[in-house]
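For reference, the chains in residue letters:
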Amino acid sequence: MKAGGDIMAWADPFFPDPSIPESVKKVLHEAVDQGFASHYSMPIGDLLLRKTLAAYITKRTGLTIDPSRNIIITPGSDSGLLFSMMPFINEGDEVLVPDPSYPSNFLNGKLLGAKTVPVPLFEEDNYQFRIEEFEKRLSPKTKMVLFCHPNNPTTTVFRRKSIEDLCEFVKKHDLILVSDQAFQDHIYDGIEFVHPAVLPGMWERTLTVCSISKGIGLSGFRIGYIYANDVIMDVLYGAAVNVLGASSTLSTIGAIAAIEDTEHLQQNYIKLEKRRRLAYEILHDIPGVRMKMSESGILSWLNISKLGSSEEVVSRLMSEAKILVNQGNPYGEQGKGYIRIVTGCFWDDEAAVERFKRIRSVLLDMAQERNLVN
Ligand SMILES: Cc1ncc(COP(=O)(O)O)c(C=O)c1O
């Protein structure tokens, strides 16, 4: 950032510090030396990566994933999210998207000529679903529910009841479910993570979209993946070369090594779990701020409505703490009055803690100005 500031607004683990594990560096060096990474990988993704990911998914879900029938590699999950909607969404259709949610998930339906219908989630419900809010917004044009699990920006892990209710709603109205699980690899406090695709009757109608950017910490490699049943996957396989081209061959080699390096994955988990606790300890008790301990991933979501609008607070943090965080507004109507901080950035805890303290100091000043400090 110009003027010597810090960016805590990219959902990118350890940004801006180097974070490629040694195991991955080694295979990348070897691949470059051998020279064959100059060539295309398959449009649906390299078979060994599909096999490695199929085993990874089976371990987590119990689903049987045929690497040649049920999984496709995408250049990051952003493209995977749009691709997963393309076979189902036509002009005039409607897509239900919980609000707040990842901004792209509001935009993708519109890119395909459909209407995005936000469905509010409420802080007082710990952002779990009220299915009546989905029912109220259903129309004959509704084709799909697209949701982010765990949720970006709130970090919410949808509990079994929420997921079961949502899946019943999807089945009852014959809809397609796209489950954006970019943050699924880091779930804290032993909270159960329920995969919608495993629930009865859901394998036929669910596309699960995942990424190595967050949990595996390799956002720059641009590798995502979608898994679904073979009827759905036939359509995606058929269109892969036209829409995706192919993912990077070099990144594919690195991704396989990273997924197999369970020690590295475990270390990332320990580091990021500690980080969300440090953020909570430093920020949660500021007068006028409401913050819960993050349930997943690398983000913190703060209600700052007593201190000012999202714009005002972000602007003060920029000018006084020299730190860029996200306004809540782009995450939907329900994001107004909130800010999102990427607490999982920087490699060293001390570097992150120093920034959390700078944020605290500005928010405390704002609380004082509003006579919120005793
Ligand atoms: C919820 C969510 N889904 C998907 C993505 C896309 O990530 P990538 O394209 O790096 O896989 C992001 C990126 O921030 C995200 O936050």
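Residues numbered from 1 in each chain as written. Predicted model: local features only at pLDDT ≥ 70, side-chain atom pairs only at ≥ 80, totals over all residues. Heavy atoms only, no water.

Engineer: Give me helix α1 (residues 22-34): which residues, what numbers.
Structural biologist: A rise of 1.5 Å per residue sets the reference length of α1, with its 13 residues, at 18 Å; its end C-alpha atoms lie 18 Å apart and thus fit the reference within 8%. Packing partners of the buried residues in α1 comprise α8 (249-260). Looking one or two residues beyond α1, the residue adopting positive phi is G35, at roughly 85°. (Helix = DSSP H or I, 4+ residues; strand = E, 2+ residues; numbered from the N terminus. Expected span 1.5 Å × (residues − 1). Contact = heavy atoms within 4.5 Å.)

Engineer: Report on the site of the ligand, specifying residues and quantitative values.
Structural biologist: Surrounding the ligand, one finds 14 residues, the nearest of these being S77, N152, S211, S213 and K214. Contact distances for the ligand include 2.7 Å between an oxygen atom and a side-chain N or O atom of N152. In the model, an oxygen atom of the ligand is placed 2.8 Å from a nitrogen or oxygen of the R222 side chain. Expressed as a share of its isolated accessible area of 390 Å², the protein-covered part of the ligand is 93%. (Near = heavy atom within 4 Å. Polar contact = N/O pair within 3.5 Å; in protein donor to acceptor, adjacent residues only side chain to side chain. Areas by Shrake-Rupley, 256 points an atom, 1.4 Å probe, with all protein chains shown as cover.)

Engineer: Tell me about the environment of Y40, residues and numbers included.
Structural biologist: Mapped onto the elements, Y40 comes out in the loop between α1 and α2 (47-61). By relative accessible area, Y40 is classed as exposed at 81%. Between the C-alpha atom of Y40 and that of G344, which follows or precedes it by 304 residues, the distance is 33 Å. (Buried < 20%, exposed > 50% of the residue type's maximum accessible area, 1.4 Å probe, protein only.)

Engineer: I'd like a rundown of the domain arrangement of the protein, residues and numbers included.
Structural biologist: For the protein, the assigned domains read domain 1 (2-20 + 263-369) and domain 2 (22-260). One C-alpha centre belongs to domain 1, the other to domain 2; they are set 25 Å apart. In this assembly, 30 residues from domain 1 lie in contact with 40 residues from domain 2. Buried area between domain 1 and domain 2, both sides added, is near 2900 Å², and the carbon and sulfur share of it is 53%. Seen at the junction of domain 1 and domain 2, the total is three salt bridges. With its nearest N and O atoms 2.8 Å apart, the salt bridge here joins R290 to E123. Taken together, the connections running from domain 1 to domain 2 amount to 22 residue pairs in polar contact (both at pLDDT 80 or more). (Domains from an automatic or database assignment. Buried area = accessible area lost by both parts, 1.4 Å probe. Salt bridge = Lys/Arg side-chain N within 4 Å of Asp/Glu carboxyl O.)

Engineer: With reference to specific residues and values, describe the sheet that holds strand β13 (residues 338-342).
Structural biologist: On the basis of which strands lie adjacent, the open sheet formed by four strands has the order β9-β10-β13-β12 and antiparallel pairing. Two strands bound the open sheet, and with one partner strand each, they are β9 (290-291) and β12 (326-327). In the sheet, strand β10 (residues 299-303) pairs with β13 via five bridges, with the strands oriented antiparallel. The residue of β13 that forms the bridge with S300 is I341. (Pairing = 2+ DSSP bridges.)

Engineer: How would you explain the side chain of H186 if you had to name every residue and give the values?
Structural biologist: Positionally, H186 belongs in the loop between β6 (176-180) and β7 (206-211). Once residues lying within four places of it in the same chain are set aside, the contact partners of H186 are K214, G215, N268, Y269, L272, E295, S296 and G297.

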